[in-house]
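Summary of the model geometry
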Amino acid sequence: MMIRKIIPFLFLLLVTENPACAEETLVIVFAKGRPPFAMLSSQGNPAGLFIDFWRLWAEKTGQKIEFRVTEDRESALTDIKKGNADIHSGLFRNRERTAHMDFSRPFHEIGSALFCPANQEDVSGDYDFAGQKIGAIHRGYHKGYLREHFPEAEVVAFKDTESMITAAVSGQIAAFAAESPVTQSILNLMGRSGDIRRHPAPLFSKKIFASVRKGNKDLLSKVDAGLAEITNEERVAIESRWIADPRYYKSRNREMQPGHRIDIAHIRDLVFQPGSAVLIIFALIFLWNMHIRRQKECFRCLTEHGADITQAFAENGTIVYQSLSHTAILGYDHNELMGKTAFDLFHKEDMAQWEKLSASLLRGEGVQSFVHRIRHKEGHYRHFESKCINLLSNKALKAIVINAYDITERRLVEEELKRAKESAESANKAKSEFLARMSHEIRTPMNAITCLTDLTLQTELDTGQRENLQAVKESSRHLLEIIDDILDFSKTEAGKLVLEPADFDLNGMLGRMMHIFLSRAREKGIDLFLDKADDVPEFVKGDPVRLRQILVNLLSNAFKFTEKGGIRVGVECGMRDAENRNKIPLLFSVRDTGIGIPSDKQNKIFEGFTQAESSTIRRYGGSGLGLAICKRLAELMGGSVQVESEEGNGSTFLFSAIFEPGDEEKARAEDQAELPGAPEHRTISLNILLAEDNLTNADITTQILEELGHVIITVTNGKQVLSMLSQKHFDLVLMDIEMPEMDGLEATRRIRGGEAGEKNRRIPVIAISAHALTEFRKKCRLAGMNDFIAKPIGFSELSGVIKKNISDSTAGKIPSLQKGEMKPLSAENKTGSSGERFLLNKKDALCRFGGREHLLNRAYSFFAKGIPEMTEKLRHTITDNNMESIALQAHSVKGTCATIGAESSRDIAFQLEMAAKEEKSEQIRPLFEQLEKELEKVLELIEN
């Protein structure tokens, strides 16, 4: 009865595999046509030495497998690389394969020999094939071996073993090198075993490995563990079954690792034969011990071949288990650390982190992770990422377990990448500082060149002198363009170039831009056209400055390379995305009839510092940055740039950009703000403090300011600025940035802090600097400066900045400015007939627009379109009796009228503004009606 109860348990031990090892079916791939190792039987089933080997492996491991057959060896290797198969059945290891696969321990060895025709007189002596032909497979390793060891013979390549055998039998070759068992099997299949004889002396032998895809360490460990279970006797049985010649596998037996295997069939017979219960019990105990040994061996293989180290230690830190991987990774022999303290191996700087973590472990907070260093036996430290778990309550273990993965190489790579990143950032910062410094150093002398040239051009000069100075001015302008290109390119590379969207009049922008190039077109005798599609909207929202920069760059290039013919600028709407109806894609093109670009150079012209030909730089000039900047700007605007060109037949540059619908009122306000202000006919004399340490620049700036009618006092550093402000009254400070003793930024901060007196805390401070980077302008604003003007300084620019900041910060506080605004213009300043002189002062307005009549006409157009709406808003505020809004709207009308020279309307609007501020409600309605009538007359004059 006891035997009957024990037999089922014994049977389970015999046939049931370890469930921890059972996994999904593994695919083992082999290339057919390589007898006796791997082939298809006559029934089409996998057969051969390797096939039997893997079936035994599957039985040992309890792993389900299936075989995948390929036509050739390369296809089998590809399946492993791509993951279509898990294990390659068996192959040689070389450098190329180790790049894509990991290899197991060797499980077989194949010998190679020379084969000669059987009728050859002697094949037992030394090799001597001088002057003869010997064969080898064209893609095999025998070919290289023969060429190295038989240099006097001619090596002939064959596609397969069958063709070599045929050539040897027919006498075409004296011998051939091949794998012994494969060749013998093929000879048998061909029926030519008596025609070919093997040379008794072997050439060499190569070991066979199983392989898995690179990095699959778990599967590789399982393969090795299963191979270790196959005994020497089992290997011999398989080899003798498939290889007839005992000389081949006899020597192999000694090289394979011996194993130990219980004869299962014998035990089964023993169990089912009548016998003693004691014998069965001993057999069960033996089998149970074997089972435990297998479990231990499986665990040993996994820990030995893994990339982790495992430690278990008691609560006091004493190590109670040390994995075998310590030897390979940390240099400690097996069990060398047993009984020692685990904490002694940790780096002292990591101990605080460990103490905090161990406290969490002892509180039972689950698995804890940390990165730390462990000392190698040689004294240096390696970095590990560890997982820790408290198993003190586990009766079988009673320890804290650390499983640590070596990340030393990863940390080295990370540190190297960090150093490289810091180095790159440092280099980029140095480059930006260099460009800023270069810009400053070039712009400072350029300020003198440009301003002195402007001043001299206003004097009486003969024709030659004027032409020379105009050339100097044009060269200065060109040099500044190159500097700006370099700065823009640097900002795009650093990712610091940002768009500043605004509502703008696209038609107006295109018209102004084309006007700039009309004179150049006339000078060169070429045509210039603007071709704008009807569906292109008039008002859009985007960055008009950057759009204009792209178009000006492309037009400048077109003019540079076009000597005859013409240039056409095109604008049309692109296809709108149904999901983004609020986006307006615009397509721009600049087509010329110039020299064209060779097709092999077209992709290079958008790279930085590049032109189509090096000779082009010498002939036409330029930094080679314009198109690179255009490309980056177009990409920032959601589009791209491309070129279509044929050498000798001109070029067409096309770029796209994405815009949004524009607000007409905001666009008009922007355009109105950009119109140049009028020169002051009435002297508004300001007391200005100029801080400039460069005496030449100080002299030039003083001339400009005196020409504008101001009184100037000059100092050379920030300390003198504070001292002078404390002694005298000034209306405004023009502050250079870089000065000795105290720079402009620090001086401004102290002014805002009250060191120059409480009355000067809000005095307008305008920065003057050759620095042009956006980041530098931000520094000026943060220091408390009101505005920024870059060198070289121009008349209109400086005048406009001063007027803007005086108006913004001291409106109503400077008597001269307020008085000048309130004083009606005298009759001597009017032009036109007596009925027009107070309605529209065209001469004065034309001076305000720098003599550019087309700009004045454009302003008239804006006025005619915008003033009715402004008047209507004013009417509504009067109806609501909101005095603050009335004053604001009247002020707006006043400024608009002043811009175009509508002086009588301006005066009435001013009176209406003052009446609202003083809350004289009885004057509001009569003044408004008077203003309406006056504006109707102005509009009639403009229309006529």
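Residues numbered from 1 in each chain as written. Predicted model: local features only at pLDDT ≥ 70, side-chain atom pairs only at ≥ 80, totals over all residues. Heavy atoms only, no water.

A few points about the pairing of strand E23 (residues 641-645)
The two faces of E23 differ: Val-641, Val-643 and Ser-645 on one face are buried, but Gln-642 and Glu-644 on the other face are not. Relative to strand E24 (residues 651-661), E23 is paired through five bridges, and the arrangement is antiparallel. Bridged to Val-643 within E24 is Phe-653. The antiparallel pairing of E23 with E24 creates a hairpin that spans five residues between the two strands, and Gly-648 there sits at a positive phi of about 90°. (Buried < 20%, exposed > 50% of the residue type's maximum accessible area, 1.4 Å probe, protein only. Helix = DSSP H or I, 4+ residues; strand = E, 2+ residues; numbered from the N terminus. Pairing = 2+ DSSP bridges.)

Brief notes about the packing of aromatic side chains
On inspection of all chains with the given rule, the structure shows 19 aromatic pairs. Residues Phe-92 and Tyr-141 carry aromatic rings whose centres are separated by 5.0 Å and whose planes lie at 90° to one another, so their mutual orientation is edge-to-face. With Phe-92 in the loop between strand E5 (87-91) and helix H4 (95-98) and Tyr-141 in the loop between strand E8 (133-137) and helix H5 (142-149), this residue pair connects regions lying 49 residues apart in the sequence. In this structure Phe-92 comes out as buried when scored by relative accessible area, which is 6%. Judged by centre distance (5.5 Å) and plane angle (15°), the rings of Phe-115 and Phe-176 are stacked. Of this pair, Phe-115 sits in strand E7 (residues 108-117) while Phe-176 is found in strand E10 (residues 175-179), placing the two residues 61 residues apart along the sequence. According to the relative accessible area criterion, Phe-115 is buried, its value standing at 1%. Using a relative accessible area of 0% as the deciding quantity, one classes Phe-176 as buried. (Phe/Tyr/Trp six-rings, centres within 6.5 Å; stacked < 30°, edge-to-face > 60°.)

Side note on the pattern of salt bridges
Enumeration over the complete set of coordinates arrives at 31 salt bridges. A salt bridge links Glu-349 to Arg-373; its shortest N-O distance comes to 3.4 Å. Residue Glu-349 is found in the loop between helix H13 (325-330) and helix H14 (351-362), and its partner Arg-373 is found in strand E15 (residues 368-375); the two are separated by 24 residues along the sequence. It is possible to trace a salt-bridge network through shared partners that takes in Glu-746, Arg-749, Arg-750 and Glu-755. (Salt bridge = Lys/Arg side-chain N within 4 Å of Asp/Glu carboxyl O.)

Looking at the sheet that holds strand E28 (residues 765-769)
On the basis of which strands lie adjacent, the open sheet formed by five strands has the order E26-E25-E27-E28-E29 and parallel pairing. The two strands at the open ends of the sheet, each matched to only one other strand, are strand E26 (711-715) and strand E29 (787-790). Strand-to-strand twist in this sheet, taken as the mean axis angle between neighbours without regard to direction, amounts to 20°. Note: strand E27 (residues 732-736) against E28, four bridges, orientation parallel. Bridging from a neighbouring strand, Leu-734 pairs with Ile-766 of E28. Along the sheet, helix H24 (residues 744-752) makes contact with E27 and E28, crossing E27 at roughly 150°. (Axes fitted to C-alpha atoms, helices over the stretch in contact; angles between N-to-C directions. Contact = heavy atoms within 4.5 Å.)

Quick notes on a negative patch on the surface
On the surface, a cluster of negative charge is made up of Asp-531, Asp-534, Asp-535 and Glu-572. Along the chain, Asp-531 turns up in strand E19 (residues 527-532). (Patch = residues over 30% accessible without salt bridge, like charges linked within 9 Å, V, L, I, M, F, W, Y side chains within 5 Å. Areas by Shrake-Rupley, 256 points an atom, 1.4 Å probe, with all protein chains shown as cover. Lys, Arg positive; Asp, Glu negative; His and termini not counted. Charge placed at Lys NZ, Arg CZ, Asp CG, Glu CD.)

Notes on the side chain of His-372
Assignment of secondary structure puts His-372 in strand E15. Polar side-chain contacts of His-372 include one of 2.6 Å to the side chain of Ser-386. (Polar contact = N/O pair within 3.5 Å; in protein donor to acceptor, adjacent residues only side chain to side chain.)

What to know about helix H3 (residues 73-82)
A turn of α-helix holds 3.6 residues, and therefore any two residues three or four places apart point the same way. Among all positions in H3, only Ala-76, Leu-77, Asp-79 and Ile-80 are buried. Mapping the buried residues of H3 onto a view down its axis gives an arc of 155°, with all of them on the same face. Near the N-terminus of H3, the side chain that reaches the backbone nitrogen of Glu-74, with its oxygen 3.4 Å away, is that of Asp-72. Immediately beyond the C-terminal end of H3, within one or two residues, lies Gly-83, with a positive phi of roughly 85°. (Arc of directions from axis to C-beta.)

So, the environment of Lys-217
Checked against the element boundaries, Lys-217 lands in helix H8 (residues 217-229). When the C-alpha positions of Lys-217 and Asp-102 are compared, they lie 8.1 Å apart, and in sequence the two are 115 residues distant.

A short note on the packing of helix H2 (residues 49-61) against H8
Two elements in contact, H2 and H8, have axes whose closest approach is 9 Å; the angle formed by their N-to-C orientations is 100°. Classified by the angle between their axes, H2 and H8 sit roughly perpendicular to one another. Residue-level inspection shows Phe-53, Trp-54, Trp-57, Lys-60 and Thr-61 of H2 in contact with H8, the latter providing Lys-222, Val-223, Gly-226, Leu-227 and Glu-229. Grouping the constituent residues of the contact of H2 with H8 by class yields five nonpolar, two polar and three charged. (Parallel < 35°, antiparallel > 145°, perpendicular 65-115°, else oblique. Nonpolar A, V, L, I, M, F, W, Y, C, P; charged D, E, K, R; others polar.)

Thoughts on the sheet that holds strand E14 (residues 319-322)
With antiparallel pairing, the five strands of this open sheet are ordered in space as E14-E13-E17-E16-E15. Both outer strands of the open sheet, E14 and E15, are each paired with one neighbouring strand and no more. Across this sheet, the average inter-strand angle for adjacent strands is 30°, counted without regard to direction. Looking at chain direction, strand E13 (residues 308-313) and E14 are connected through three bridges and run antiparallel. The residue of E14 that forms the bridge with Gln-311 is Gln-322. In the packing of H14 onto the sheet, contacts are made with E13, E15, strand E16 (381-391) and strand E17 (399-406), and the angle to E15 comes to roughly 135°.

With respect to helix H9 (residues 232-242)
Here H9 has its buried residues at Asn-232, Glu-234, Arg-235, Ile-238 and Glu-239. Buried positions in H9, seen along its axis, are confined to an arc of 165° and lie on one side of it. Exposed side of H9, more than 90 degrees from the buried face: Glu-233 and Arg-241 are the residues found there.

Digging into the nonpolar core
In this structure, Leu-506, Leu-547, Leu-555 and Phe-659 are the most contacted members of the largest nonpolar core, which totals 42 residues. Of all the elements in the fold, those that place two or more residues in this core are helix H17 (506-524), helix H18 (544-561), strand E21 (566-573), strand E22 (584-592), helix H20 (626-636), E23 and E24. Sequence-distant contacts of Leu-547, defined by excluding residues within four places in its chain, comprise Phe-504, Leu-506, Met-509, Phe-588, Met-637, Phe-655 and Phe-659. By size, the runner-up hydrophobic cluster in this structure holds 38 residues, among which are Ile-28, Ala-167, Phe-176 and Val-223. (Core = buried A, V, L, I, M, F, W, Y, C linked by side-chain atoms within 4.5 Å.)

Quick word on the packing of helix H23 (residues 718-727) against H24
Two elements in contact, H23 and H24, have axes whose closest approach is 8 Å; the angle formed by their N-to-C orientations is 30°. The orientation of H23 with respect to H24, classified from their angle, is roughly parallel. As H23 packs across H24, the resulting crossing turns out to be right-handed. Across the interface between the two elements, Gly-718, Val-721, Leu-722 and Leu-725 from H23 touch Ala-747, Arg-750 and Ile-751 from H24. Considering only residue class, the contact of H23 with H24 consists of five nonpolar, one polar and one charged. (Left-handed = near helix turned anticlockwise from the far one by under 90°.)

A closer look at the environment of Thr-652
Tracing the backbone shows Thr-652 in strand E24. Classification of Thr-652 by relative accessible area gives buried; the value is 5%. Each C-alpha atom of the pair Thr-652 and Gly-594 lies 9.9 Å from the other, and the pair is 58 residues apart in sequence. Apart from residues lying up to four places away in sequence, Thr-652 is in contact with Ser-589, Val-590, Arg-591, Gln-642, Val-643 and Glu-644. Polar side-chain contacts of Thr-652 include one of 3.0 Å to the side chain of Arg-591.

Re the side chain of Gln-63
Counting through the fold element by element, Gln-63 comes out in the loop between H2 and strand E4 (65-70). Gln-63 gets classed as buried once you look at its relative accessible area, which sits at 4%. At 3.3 Å, the side chain of Gln-63 forms a polar contact with the side chain of Lys-222.

Description of the confidence of the model for the chain
Counting all residues, the mean pLDDT for the chain is 77, and 77% of those residues have values of 70 or more. Within the chain, no element has a lower average pLDDT than helix H27 (residues 815-822), which sits at 29, and none a higher one than H24, at 94. Across residues 612-623 the pLDDT falls below 50, and counting only partners more than four positions away or on other chains, this stretch makes 20 contacts in the model. (pLDDT = per-residue confidence, 0-100.)

Considerations on unusual backbone geometry
The omega torsion of the bond from Pro-35 to Pro-36 falls at 5°, within 30 degrees of zero and hence cis. Mapping Pro-36 onto the fold places it in the loop between strand E1 (26-31) and strand E2 (39-40). Although it is not a glycine, Asn-881 sits at a positive phi angle of roughly 60°. Within the secondary structure, Asn-881 sits in the loop between helix H29 (853-880) and helix H30 (883-900).

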